[in-house]
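# Examination of the molecular architecture
Spelled out from the first residue to the last, the chains are:
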Amino acid sequence: MSEYGTIIAPGAVRFERLLPGPIERVWAYLTEADKRGAWLATGAVEPRAGGQVELHFLHSGLSPLPDEIPARYKSLEQGASFTARVTRWEPPRLLSHSWPEPSGDESEVTFELSPQGGDTLLVLTHRRIGAEEMTSVAGGWHTHLDILVDRMHGRVPQPFFITHGRLEGEYETRLASA
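Residues numbered from 1 in each chain as written. Predicted model: local features only at pLDDT ≥ 70, side-chain atom pairs only at ≥ 80, totals over all residues. Heavy atoms only, no water.

### Some remarks on the packing of helix α1 (residues 23–31) against helix α3 (residues 134–152)
Axis separation between α1 and α3 bottoms out at 12 Å; the angle between their running directions is 130°. Classified by the angle between their axes, α1 and α3 sit oblique to one another. Considering only the axes of α1 and α3, their crossing is right-handed. Contacts between α1 and α3 involve Arg-25, Val-26 and Tyr-29 from the first element and Leu-148, Arg-151 and Met-152 from the second. When grouped by side-chain class, the residues that make up the contact of α1 with α3 number 4 nonpolar, no polar and 2 charged. (Axes fitted to C-alpha atoms, helices over the stretch in contact; angles between N-to-C directions. Helix = DSSP H or I, 4+ residues; strand = E, 2+ residues; numbered from the N terminus. Parallel < 35°, antiparallel > 145°, perpendicular 65-115°, else oblique. Left-handed = near helix turned anticlockwise from the far one by under 90°. Contact = heavy atoms within 4.5 Å. Nonpolar A, V, L, I, M, F, W, Y, C, P; charged D, E, K, R; others polar.)

Listed below in structure tokens is the structure:
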């Protein structure tokens, strides 16, 4: 399993991670505000299709290690929030929700979970991403998933923006040669 996201269609990227523990533990990291806040964003999820998902991002709070925020992301220094809509709710195996794009359109993120022995396979697919956003989105999800893996293994995660900057550059190269 590659840690890098795979472009599966125009505007769609997929990631796979094998996470420790039963499916219910991983589901909690997707749906419970405090656990999701340790790797992505805090905020409540209404547990039903059509429900709201509140996402409150504070990237500097994802790791205790010092970070450097690039100038183009300075607007995120104090955090950012948005409300999304649950499009599929099938606990504890599948969660999909909308994701507002800078263009005003909506993309969609899907988390699929399946037991793998005592572990859980997470497949994350983000669809309908604008071409100009693909490297940032791919680098962002890769960084957030690395933080999730570290948190679930009880390790201190690397700082978000330093890691994202490196990965965004790698995705730029990978996508240019694809």
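### Some remarks on the sheet that holds strand β5 (residues 94–100)
The sheet built from 7 strands is open, its strands ordered β1-β2-β7-β6-β5-β4-β3 with antiparallel pairing. Two strands lie at the open edges of the sheet, namely β1 (6–9) and β3 (52–57), each paired on one side alone. Averaged over all adjacent pairs, the angle separating strand axes in this sheet is 30°, with direction ignored. The sheet contact formed by strand β6 (residues 106–116) and strand β7 (residues 119–127) spans 9 bridges and is antiparallel. Across the sheet, Glu-112 pairs through a bridge with Val-123, a residue of β7. Contacting β2 (12–20), β4 (80–90), β5, β6 and β7, α1 crosses the sheet at an angle of about 160° to β6. With respect to the sheet, α3 is in contact with β1, β2, β3, β5, β6 and β7, its orientation differing from that of β2 by roughly 5°. (Pairing = 2+ DSSP bridges.)

### Brief notes about the layout of surface pockets
Reported here for the largest pocket is a volume of approximately 600 Å³. Along the walls of the largest pocket sit 25 residues, with Tyr-73, Leu-76, Trp-99, Ser-136 and Val-137 positioned nearest its centre. At the level of elements, β4, β5, α3 and α4 (160–176) are the ones that each hand at least two residues to the lining of the largest pocket. With 6 residues, α3 is the single largest residue contributor to the lining of the largest pocket. Residues that form the lining of the largest pocket fall into these classes: 13 nonpolar, 7 polar and 5 charged. (1 Å grid on protein atoms, 1.4 Å probe; cavity = no way out; pocket = protein on both sides within 12 Å on 5 of 7 lines; lining within 4 Å. Points joined across faces, edges and corners; volume = space filled by probe spheres on them.)

Any functional reading would require information beyond the geometric quantities listed.
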